[in-house]
Amino acid sequence: GAGVSQSPSNKVTEKGKDVELRCDPISGHTALYWYRQRLGQGLEFLIYFQGNSAPDKSGLPSDRFSAERTGESVSTLTIQRTQQEDSAVYLCASRRGFAEAFFGQGTRLTVV
Amino acid sequence: GENVEQHPSTLSVQEGDSAVIKCTYSDSASNYFPWYKQELGKRPQLIIDIRSNVGEKKDQRIAVTLNKTAKHFSLHITETQPEDSAVYFCAGGGSGGYNKLIFGAGTRLAVHP
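Here's what I pulled together on the structure shown here. Keep in mind that this is a model prediction, so the values were computed, not measured. (Residues numbered from 1 in each chain as written. Chains lettered and ligands numbered in written order. Predicted model: local features only at pLDDT ≥ 70, side-chain atom pairs only at ≥ 80, totals over all residues. Heavy atoms only, no water.)

Here we come to the sheet that holds strand E6 (residues 56-59) of chain B. Each strand in a sheet pairs with another by means of backbone hydrogen bonds, the pair being arranged parallel or else antiparallel. Residue and element names in this part refer to chain B. Pairing within the open sheet is antiparallel, and its five strands lie in the order E1-E3-E8-E7-E6. The open sheet has two edge strands with one neighbour each: strand E1 (4-7) and E6. The average angle at which neighbouring strand axes cross in this sheet is 15°, direction not considered. (Pairing = 2+ DSSP bridges. Helix = DSSP H or I, 4+ residues; strand = E, 2+ residues; numbered from the N terminus. Axes fitted to C-alpha atoms, helices over the stretch in contact; angles between N-to-C directions.)

Put into structure tokens, the structure is as follows:
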């Protein structure tokens, strides 16, 4: 059906609160990626899921960040005890095999 | 791990000129190199990609070249137009059949009328 869908589109949270970001990949896409994009900056790799294999968590910046994905379905990125430096757009992408990766519209997170 | 470096960080050209953006990668086993365009406030979108079994690929005004020996690849845009103004990201991946995609830091291209 539709492309990669992320929710919420925008999230404003108070420093110290936990947030959960959601990504609905394109049906049948086995690979799912999370990236962080700070204002005017590049795409910082966070985590990568490939089917039922163990995820590659090498990009997670601290233990406050975690992500889950069940099979080839929805993924959630959780940030605990948010800090102001967590403010960014969080982008999710999904991909079938070695074909094109499609991005969602992102979640703009603002920590105040 | 994989690292992708991208230059220049900003590029300003006159309409009709050509623009070239270069990337280098560290993992010699990487075999897939896409280029994405991100317009202001929008999601990145694929514009062209190349796999390691070819040295060049062209799509209208856009071309990508790959030098596996030197581990670098380049995006070439000819006859630039104002609507080409955006941030361009290169990426590398596919090493060992692994699908991880690592992006360069991006190039902000401005095309002036």
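Still more to cover.
At the junction of the two partners, chain B supplies 18 residues and chain A supplies 24 residues. For the pair chain B and chain A, the summed buried surface comes to about 1,800 Å²; carbon and sulfur atoms form 53% of the total. At the surface where chain B touches chain A, the tally comes to one salt bridge. A salt bridge links Asp56(A) to Lys100(B), with the nearest nitrogen and oxygen atoms 3.2 Å apart. In this assembly, chain B and chain A are joined by seven residue pairs in polar contact (both at pLDDT 80 or more). Elements represented by at least two residues in the side of chain B that touches chain A include exactly strand E4 (32-38), strand E5 (45-51) and strand E10 (101-103) of chain B. (Contact = heavy atoms within 4.5 Å. Buried area = accessible area lost by both parts, 1.4 Å probe. Salt bridge = Lys/Arg side-chain N within 4 Å of Asp/Glu carboxyl O. Polar contact = N/O pair within 3.5 Å; in protein donor to acceptor, adjacent residues only side chain to side chain.)

Residue and element names in this part refer to chain B. For the structure on display, the rule yields eight salt bridges over all chains. Residue aspartate 49 is joined to lysine 57 by a salt bridge in which the shortest nitrogen-to-oxygen separation is 2.9 Å. Where salt bridges share partners, they join Lys37, Glu39 and Lys42 into one cluster.

This next bit is on the state of the cysteines. Residue and element names in this part refer to chain B. By the definition in use, this model includes two disulfides over all chains. Residue pairing for cysteine 23: its cysteine sulfur links by disulfide to cysteine 90, the two sulfurs lying 1.9 Å apart. Here cysteine 23 and cysteine 90 share a disulfide; its torsion about the S-S bond, -100°, makes the bridge left-handed. Separated by 67 residues along the polypeptide, cysteine 23 in strand E3 (residues 19-25) and cysteine 90 in strand E9 (residues 86-93) bring together distant segments of the chain. Both residues of the pair, cysteine 23 and cysteine 90, count as buried. (Disulfide = S-S within 2.5 Å. Buried < 20%, exposed > 50% of the residue type's maximum accessible area, 1.4 Å probe, protein only.)

Put simply, the largest pocket is a space of about 600 Å³. Elements represented by at least two residues in the lining of the largest pocket include exactly strand E8 (88-95) and strand E10 (107-111) of chain A together with E9 and strand E11 (107-112) of chain B. Looking at the lining of the largest pocket residue by residue, the classes come out as nine nonpolar, 17 polar and five charged. (1 Å grid on protein atoms, 1.4 Å probe; cavity = no way out; pocket = protein on both sides within 12 Å on 5 of 7 lines; lining within 4 Å. Points joined across faces, edges and corners; volume = space filled by probe spheres on them. Nonpolar A, V, L, I, M, F, W, Y, C, P; charged D, E, K, R; others polar.)

This brings us to the packing of aromatic side chains. Inspection of every chain in the model, using the stated rule, returns twelve aromatic pairs over all chains. Where Tyr35(A) meets Phe103(A), the ring centres are 5.9 Å apart and the plane angle is 45°; that geometry is what we call tilted. Taken together, the positions of Tyr35(A) in strand E4 (residues 31-37) and Phe103(A) in strand E9 (residues 101-103) put the pair 68 residues apart, joining distant regions of the chain. Classification of Tyr35(A) by relative accessible area gives buried; the value is 1%. Looking at Phe103(A), the relative accessible area reads 4%, which means it is buried. Measuring from ring centre to ring centre gives 5.6 Å for Trp35(B) and Phe73(B), while their planes differ by 70°; the resulting arrangement is edge-to-face. (Phe/Tyr/Trp six-rings, centres within 6.5 Å; stacked < 30°, edge-to-face > 60°.)

Attention shifts here to the sheet that holds strand E3 (residues 19-24) of chain A. All names here are of chain A. Pairing is antiparallel across the open sheet formed by four strands, whose spatial order is E1-E3-E7-E6. Looking at strand neighbours, the two that pair on one side only are strand E1 (5-7) and strand E6 (65-69), the edges of this open sheet. Put simply, the sheet's adjacent strands are angled 15° from each other on average, direction ignored. As paired elements, E6 and strand E7 (residues 75-79) share five bridges and run antiparallel to each other. Following the sheet pairing, glutamate 68 is matched in E7 by threonine 76.

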